[in-house]
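Results of the structural survey
Chain by chain, the residues:
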Amino acid sequence: MANLAINMCGIKSPNPFWLASGPPANCGEQVMRAFDAGWGGAVWKTLGKPIVNVSSRLGAVDHKGNRMSGLNNIELITDRPLDTNFKEIYAVKKRYQEQAVVVSLMVESKAEWREIIRRAEDAGADGLELNFGCPHGMCERGMGSSVGQEPAILEEITAWAVDYANTPVLIKLTPNITDILDPGIAAAKGGAHGLSLINTIKSIIGVNLETMVPLPSVRDKGTNGGYCGPAVKPIALHMVAALARDPRIQIPLSGIGGIGNWRDAAEFIALGATSVQVCTAVMHYGYRIVEDMIDGLSNYLDDMNMASVSNLIGKAVPNFTEWGNLDLNYRITANIDEEKCIGCQLCYIACLDGAHQCIHTRQSHCSAYHGESDHGIYPRTEIQPPVLHKANGGIPDHVPFVDEDECIGCNLCQLVCPVPGCITMIEQDSKIAAKTWQEMEV
Amino acid sequence: MERVTNLPDNRLEKNFSEAKPLYTESEARIEANRCIYCYDAPCTTACPAGIDIPGFIRKIASGNIRGAAKTIFEVNLLGVSTAQVCPVEELCAGACVYNKDNVPPINIGRLQRFATEKGLLWEQDKKSTLFSPQNQTDRKVALIGAGPASLACAGHLTLAGVKSIIYEKDDLPGGLNVTGIAPYKLFTDAALEEIEWLKQFGFEIQTGLEVGRDISIDHLLENFDAVFLGAGLGRDKLPGIPGEDAAGVWGATELIKKIKNDRAFKLPANLESVNVVGGGNSAIDIARELALLGVPEVNIVYRRTISEMPGYRHELAAARQEGVRMFERAVPVEIIANDRLVLCTKHKLTGEPQQFESDWIVLAIGNERDAGQLSPGLEIDEKGCVVVDPDTMKTSVAKIYAGGDCINGGKEVVNAVADGRDAAWSMLREWGIGEAQQVRRNHG
Ligand SMILES: Cc1cc2nc3c(=O)[nH]c(=O)nc-3n(C[C@H](O)[C@H](O)[C@H](O)COP(=O)(O)OP(=O)(O)OC[C@H]3O[C@@H](n4cnc5c(N)ncnc54)[C@H](O)[C@@H]3O)c2cc1C
Ligand SMILES: Cc1cc2nc3c(=O)[nH]c(=O)nc-3n(C[C@H](O)[C@H](O)[C@H](O)COP(=O)(O)O)c2cc1C
Ligand code: SF4
């Protein structure tokens, strides 16, 4: 079994799976149960000056019957007294030495930062995470994402914190910026030991069309909140990868955003994350999801002959490049497996209306010889539909075929096909040497 | 492996199709993603082995298939066969929360089959194993009967490093899983392949050796640290009526065993009709098997009303679809053997006589409960079942543990598997071997 233990800028944990700062890491009793379930670390719910909260706080989008594909919240930082939080952090650390407790912080003045860092460390924090990411409420008062959006201020506060702290300092970044490199580099310059990202994306989740109040609504009003959950994963993956491959950033990353299983986590790690953090998936299903994360990641690493999760960190980063470095002469075309095809014709309509009109049905073929068009709904006249070799569930005339010469290899048909392995993209030997856009220009 | 099923006119192999074939990747993916991953899930509570069902289904969905297989096997070593033979409609799937919303429940049995069979394929592909036995200890256990209860018990014991030997009186191991399960649920060779897999853990099975006849239980008690009694039930019960020993009168398990495993056995070409006496699952099974094998007229004759039949509703419905007819409130009084057999009954309430003529009669009114006679000190309840302490699986005789049909009077394979496992874990706890293991269990 592969070794899952990590050391992220001095913060050690038995596995890379941490609770993200949020409701699942709100109090000591929760964090202890999470550790019992197998979580390697927890980033405590952000602590700051006594704060208020509202009801309701959450809204979600469902996708095709799947609940909570995206989650939006307007919750602020902890609304429990600081003393209580620190007491609980102390109690957790006393019982759980192996697991990492990182304390998330958000205050305003230099004096407040010094004070709260001291108290967090006294309580036993293994590390600190500065919340420069919250995109609602706190930012209206100059904290959270309003710091994350101002590289100069971010760098300055980071430098204070690093100066005061005796434990590693992680900076949690907001995705609500133009280029994640700006705050990332500023944090690195400020001396941060690591970066956590992403916090939530500014969003409105919906509107109650009867009352005309944005969701989630607080009596007769709503406000913009932060978006997270499965829907945000691609955005988070890109931001993590962008930082991972930038030579100016030499500090480890904690990947956050839409992680729900070991596969998601492995992708973040392959694109440069050392640890990963989870909020929404735990809110949806509970701490127990970590069991498959640990088991699945370990099985995967064994299959890949990787003895340790550290072998996976950043493995995909060298292959993440600019568009201009892609080989323009590489060509793939779609191939439909007539035996697997169930005849839904979703690929056909997708290519016809949404791509390049290179998939044809046998019905459209019949009219082709009556010759209306060279392209589009009818195949080119020189194209013969391939002979079907195997009868297919009684619907052979519903097995479409690809005009390979016309196919531009965009993947759309493969993406819409409901049957795994039915449409495959096959490499065509273009017989021309690789050439990139960059190379064409020189 | 050599096929041991040798079916009349090859009918079973040709005409029985598997009721729950292996899912394709698409089927498994779609079904696994339909599971909503309940917390403290009712399906798990309803599973006699307490499998973490939402947990293994989530692993299928995440692509961690061998993790899914392991989740199942850790508590149910006969995960492959139970995936097919468990009456999931009555157990896990029957408890699925979707039922309450009128949505079809998750097909848990088929997902279990997918996970476990893919897990074993992974072992073959990678030349690796899901489980590796711990270092050998100096403990050894003898097990009586090679049915699901003993197989599970021996499996867990050997994994923990305890030497285990199973004594089986029959020529084939497997108990009713090999001799009794309807072929459309599980073929004999599939059950035997599962036993081959279990045997890789390192336990021994000695077949053709009956404890109490060829070897005494006292001898076992002297030479082993513990004895596990997994002897199941005995012969088919007889109703005690005149004519019950006539030619053409069968016991249900006797006949099923022949249909499944007897190479020489064929149904007579002129077998036109069979009356099955009984109302439990064995009665329904043999009736369905005969109907599916092409016997034109198969009837079930039951002494109470159809709604009182202990057989499962889904099995009854299937039997009806296959053309089996039901006669209720007919209490057998005599069998008269002429050219054909005449089953004479009287109406349960009115006493009115009735006659059912057929070529064969199958008696499916239960089996003897005789395992308790193996040792004089064994406490037996009023139903003839061996009494155990459910927390330890210990009988009233020191060092004898028991589980399966011999303690519950005849339930399902999965109950026997869970009993065997719990007995193994109880021994290991007692001997301080490994970490103490226990699964919350619904003994009901
Ligand atoms: C017709 C029929 C259909 C069934 N269908 C299903 C089904 O679809 N699904 C399901 O889950 N369950 C089914 N069952 C029930 C299931 O088969 C049993 O509950 C299960 O096999 C019990 O396992 P066991 O290990 O306790 O006993 P058994 O399977 O009965 O095994 C006991 C073994 O002990 C051996 N033995 C007995 N005495 C001795 C001795 N003195 N020395 C050596 N060996 C001995 C026997 O030969 C036998 O091999 C069915 C049962 C029957 C009868
Ligand atoms: C209800 C809620 C409250 C949150 N509170 C905080 C917080 O106090 N501090 C913080 O840094 N992030 C907070 N987050 C953001 C999460 O830590 C995380 O960055 C984000 O949800 C993305 O991860 P996910 O897709 O796994 O949920 C909160 C998220 C949610 C849903
Ligand atoms: S999840 Fe809990 S706190 Fe939130 S609304 Fe429901 S009951 Fe209340």
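Residues numbered from 1 in each chain as written. Chains lettered and ligands numbered in written order. Predicted model: local features only at pLDDT ≥ 70, side-chain atom pairs only at ≥ 80, totals over all residues. Heavy atoms only, no water.

Along its length, chain A carries 14 helices and 22 strands. Here the C-alpha coordinates of chain A stretch approximately 80 × 55 × 45 Å along the principal axes. When burial is assessed residue by residue, chain A has 53% of its 442 residues classed as buried. When contacts within chain A are restricted to residue pairs at least 6 apart in sequence, long-range pairs at least 24 apart make up 71% of them. (Helix = DSSP H or I, 4+ residues; strand = E, 2+ residues; numbered from the N terminus. Buried < 20%, exposed > 50% of the residue type's maximum accessible area, 1.4 Å probe, protein only. Contact = heavy atoms within 4.5 Å.)

Residue and element names in this part refer to chain B. When cut into domains, chain B gives domain 1 (12–126), domain 2 (140–234 + 368–431) and domain 3 (249–363). On a C-alpha basis, the centroid separation for the pair domain 1 and domain 3 is 33 Å. Opposite the 5 residues of domain 1 that make contact, domain 3 presents 7 residues. Buried surface at the junction of domain 1 and domain 3, both sides included, amounts to about 580 Å², of which 75% is carbon and sulfur. (Domains from an automatic or database assignment. Buried area = accessible area lost by both parts, 1.4 Å probe.)

On to the pattern of salt bridges, then. For side chains bearing opposite charge, pairing can occur when the charged atoms are close. Counted by the stated rule, this structure contains 38 salt bridges over all chains. Residues A:D122 and A:R118 are paired through a salt bridge, measuring 2.9 Å at the closest nitrogen-oxygen approach. Of this pair, A:D122 and A:R118 both sit in helix α3 (residues 110–122), separated by 4 residues, roughly a single helical turn. Overall, A:R118 belongs to the partly exposed group, its relative accessible area being 44%. Among the salt bridges present, the one from B:E31 reaches B:R34, with a minimum N-O distance of 3.0 Å. (Salt bridge = Lys/Arg side-chain N within 4 Å of Asp/Glu carboxyl O.)

Here we come to the site of ligand 2. Residues and elements named next belong to chain A. Around ligand 2 there are 24 residues in total, and S21, T46, K172, G258 and T280 lie nearest to it. One of the side-chain N or O atoms of K45 is found 2.9 Å from an oxygen atom in ligand 2. Within the side chain of K172, one N or O atom sits 2.7 Å away from an oxygen atom of ligand 2. When ligand 2 is considered free in solution it has 600 Å² of accessible area, and contact with the protein chains removes 98% of it. (Near = heavy atom within 4 Å. Polar contact = N/O pair within 3.5 Å; in protein donor to acceptor, adjacent residues only side chain to side chain. Areas by Shrake-Rupley, 256 points an atom, 1.4 Å probe, with all protein chains shown as cover.)

Once that is clear, we can look at the sheet that holds strand β3 (residues 204–206) of chain B. Two modes of strand pairing occur in sheets, parallel and antiparallel, and in both the strands are linked by backbone hydrogen bonds. Residues and elements named next belong to chain B. Sheet architecture is open: 5 strands sit in the order β3-β2-β1-β4-β13, paired in parallel fashion. In this open sheet, the two strands that pair with only one neighbour each are β3 and β13 (400–402). Averaged over all pairs of adjacent strands, the angle between strand axes in this sheet comes to 25°, irrespective of strand direction. Looking at chain direction, strand β4 (residues 226–229) and β13 are connected through 3 bridges and run parallel. The residue bridging F228 from the neighbouring strand is Y401, located in β13. Lying on the sheet, helix α17 (residues 413–431) is in contact with β1 (140–144), β4 and β13; it crosses β4 at an angle near 165°. (Pairing = 2+ DSSP bridges. Axes fitted to C-alpha atoms, helices over the stretch in contact; angles between N-to-C directions.)

Residues and elements named next belong to chain B. Topologically, T395 is positioned in the loop between β12 (360–363) and β13. Among the polar contacts listed, one links the side chain of T395 to the backbone nitrogen of V397, at a separation of 3.2 Å. Polar contacts involving the side chain of T395 include one to the main-chain carbonyl oxygen of I400, which spans 2.7 Å. Non-local contacts of T395, meaning those with residues more than four positions away in its chain, are made with L378, V386, V387, V388, I400, Y401 and A402.

Residues and elements named next belong to chain B. Neighbouring ligand 1 are 31 residues; V85, E168, L176, K185 and D405 lie closest to it. V211 places a main-chain nitrogen or oxygen 3.0 Å from a nitrogen atom of ligand 1. D405 is positioned with one of its side-chain polar atoms (N or O) 2.7 Å from an oxygen atom of ligand 1. When the free accessible area of ligand 1 is taken as 1,000 Å², the share hidden by the protein chains comes to 92%. Of all the elements in the fold, those that place two or more residues in the shell around ligand 1 are α9 (148–159), α13 (252–261), α14 (281–292) and α17. The residue inventory of the shell around ligand 1, partitioned by class, reads 14 nonpolar, 9 polar and 8 charged. When residues of the shell around ligand 1 are assigned to domains, at least three fall in each of domain 2 (140–234 + 368–431) and domain 3 (249–363). (Nonpolar A, V, L, I, M, F, W, Y, C, P; charged D, E, K, R; others polar.)

Another aspect to go through is a positive patch on the surface. Residues and elements named next belong to chain B. A contiguous patch of positive charge on the surface is contributed by K237, R369, K383 and K411. With respect to the helices and strands, K237 occurs in the loop between β4 and β5 (249–251). Residue K237 is classed as partly exposed on the basis of its relative accessible area of 32%. (Patch = residues over 30% accessible without salt bridge, like charges linked within 9 Å, V, L, I, M, F, W, Y side chains within 5 Å. Lys, Arg positive; Asp, Glu negative; His and termini not counted. Charge placed at Lys NZ, Arg CZ, Asp CG, Glu CD.)

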